[in-house]
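A closer look at the structure
Listed below, chain by chain, are the residues.
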Amino acid sequence: MMPSFHGEAIVRYRTQIEEATARHLDRWTTGRSFPMAETTQAITLDVIMSGVFGIEHSADPAESRLRQVVKRTLALSVSPVARFGELLNLDREESVGPQRWVIGRLDKAMYAVIARRRAAHEPGARHDILSLLLDVRDEDGAPLTDEEPAQRA
């Protein structure tokens, strides 16, 4: 694995997880019940957006859009339509039906973030996984294509 995923990077990711959890814990009221699945999904989304994409509470429209699309996808993932989509895609290499539609929406939102990040990228300035992938060069010194960070993120 690349050195970027060892040592200090792991400590950073652990800290992001702790901070996301603490933000949600601060909203809880002692003695009141709360929806556990919804809360843990929200924490997971915060961790993914922060660790993978470097998005916390962004005002950037592309980053906000990606967060919304991922959040909606998580909500859809437990619907009967998602179960139907899973059945349609058994033993397929390419997605069809509802899954293909959802993946298309995710791709569009993710590629917009990749394009904006690439345009403003300063090597080594950020430590999220997307930024680390934008730092990667092949044996000829060429950066990854826009599709490669999306496939690896």
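Just above sits the structure.
Below or above, wherever it landed, is the structure these notes cover. (Residues numbered from 1 in each chain as written. Predicted model: local features only at pLDDT ≥ 70, side-chain atom pairs only at ≥ 80, totals over all residues. Heavy atoms only, no water.)

Quick word on the overall build of the protein chain
Helix and strand content of the protein chain: seven helices and zero strands. From first element to last, N terminus to C terminus, the protein chain shows the α and β order α-α-α-α-α-α-α. Taken along the three principal axes of its C-alpha coordinates, the protein chain extends 55 × 40 × 30 Å. Residue burial in the protein chain is summarised as follows: out of 153 residues, 29% are buried. In the protein chain, once contacts between residues fewer than 6 apart in sequence are set aside, the share between residues at least 24 apart is 54%. (Helix = DSSP H or I, 4+ residues; strand = E, 2+ residues; numbered from the N terminus. Buried < 20%, exposed > 50% of the residue type's maximum accessible area, 1.4 Å probe, protein only. Contact = heavy atoms within 4.5 Å.)

Description of the environment of E147
Among the structural elements, E147 can be located in helix 7 (residues 147-152). On the accessibility criterion, E147 (39% relative accessible area) is partly exposed. Between the C-alpha atoms of E147 and W101, which are 46 residues apart in sequence, the distance is 18 Å.

Thoughts on helix 2 (residues 36-51)
If you check helix 2, its first and last C-alpha atoms are 22 Å apart, about what 16 residues at 1.5 Å a residue would give, namely 22 Å. Those residues of helix 2 not exposed but buried are T39, I43, L45, D46, M49, S50 and G51. Those residues of helix 2 that are buried are in contact with helix 1 (8-25), helix 3 (61-76) and helix 6 (129-135). (Expected span 1.5 Å × (residues − 1).)

Some details on the packing of aromatic side chains
Taken as a whole and judged by the stated rule, the model has one aromatic pair. Between W28 and F34, the ring centres sit 4.2 Å apart and the planes meet at 20 degrees, which makes this aromatic pair stacked. On the basis of relative accessibility, which here comes to 35%, the residue F34 falls in the partly exposed class. (Phe/Tyr/Trp six-rings, centres within 6.5 Å; stacked < 30°, edge-to-face > 60°.)

Points about the packing of helix 3 against helix 5 (residues 97-120)
Contact geometry for helix 3 and helix 5: axes closest at 9 Å, N-to-C directions at 155 degrees. Here helix 5 runs roughly antiparallel to helix 3, going by the angle between their axes. Classified by chirality, the crossing of helix 5 by helix 3 is left-handed. For the pair formed by helix 3 and helix 5, the contact residues are P61, A62, E63, R65, L66, V69, V70, R72, T73 and L76 on the first element and V102, R105, L106, A109, M110, A112, V113, R116 and R117 on the second. The class makeup of the residues in the contact of helix 3 with helix 5 is twelve nonpolar, one polar and six charged. (Axes fitted to C-alpha atoms, helices over the stretch in contact; angles between N-to-C directions. Parallel < 35°, antiparallel > 145°, perpendicular 65-115°, else oblique. Left-handed = near helix turned anticlockwise from the far one by under 90°. Nonpolar A, V, L, I, M, F, W, Y, C, P; charged D, E, K, R; others polar.)

So, the nonpolar core
Formed by 22 residues in total, the largest nonpolar core has its most connected members in M49, F53, I55, L66, V113 and L130. Where this core is concerned, the elements lending two or more residues are helix 1, helix 2, helix 3, helix 5 and helix 6. In terms of residues, this core owes the most to one element, helix 6, which gives five residues. The residues touching M49, leaving out its near neighbours within four places in the chain, are G54, I55, L66, R67 and V70. (Core = buried A, V, L, I, M, F, W, Y, C linked by side-chain atoms within 4.5 Å.)

Looking at the environment of G51
Looking at the element boundaries, G51 is found in helix 2. When the C-alpha positions of G51 and A62 are compared, they lie 17 Å apart, and in sequence the two are eleven residues distant. In contact with G51, other than residues within four places in its own chain, are Y13, Q16, D128 and I129.

Details of the layout of surface pockets
One simple way to see leftover space: roll a probe sized like a water molecule over the atoms. Reported here for the largest pocket is a volume of approximately 260 Å³. Along the walls of the largest pocket sit 14 residues, with S77, A82, P98, Q99 and V102 positioned nearest its centre. Among the elements of the structure, helix 3, helix 4 (80-88) and helix 5 are those that each provide at least two residues to the lining of the largest pocket. Of all the elements, helix 5 adds the most residues to the lining of the largest pocket, at six residues. Classifying every residue of the lining of the largest pocket by side-chain character gives eight nonpolar, five polar and one charged. (1 Å grid on protein atoms, 1.4 Å probe; cavity = no way out; pocket = protein on both sides within 12 Å on 5 of 7 lines; lining within 4 Å. Points joined across faces, edges and corners; volume = space filled by probe spheres on them.)

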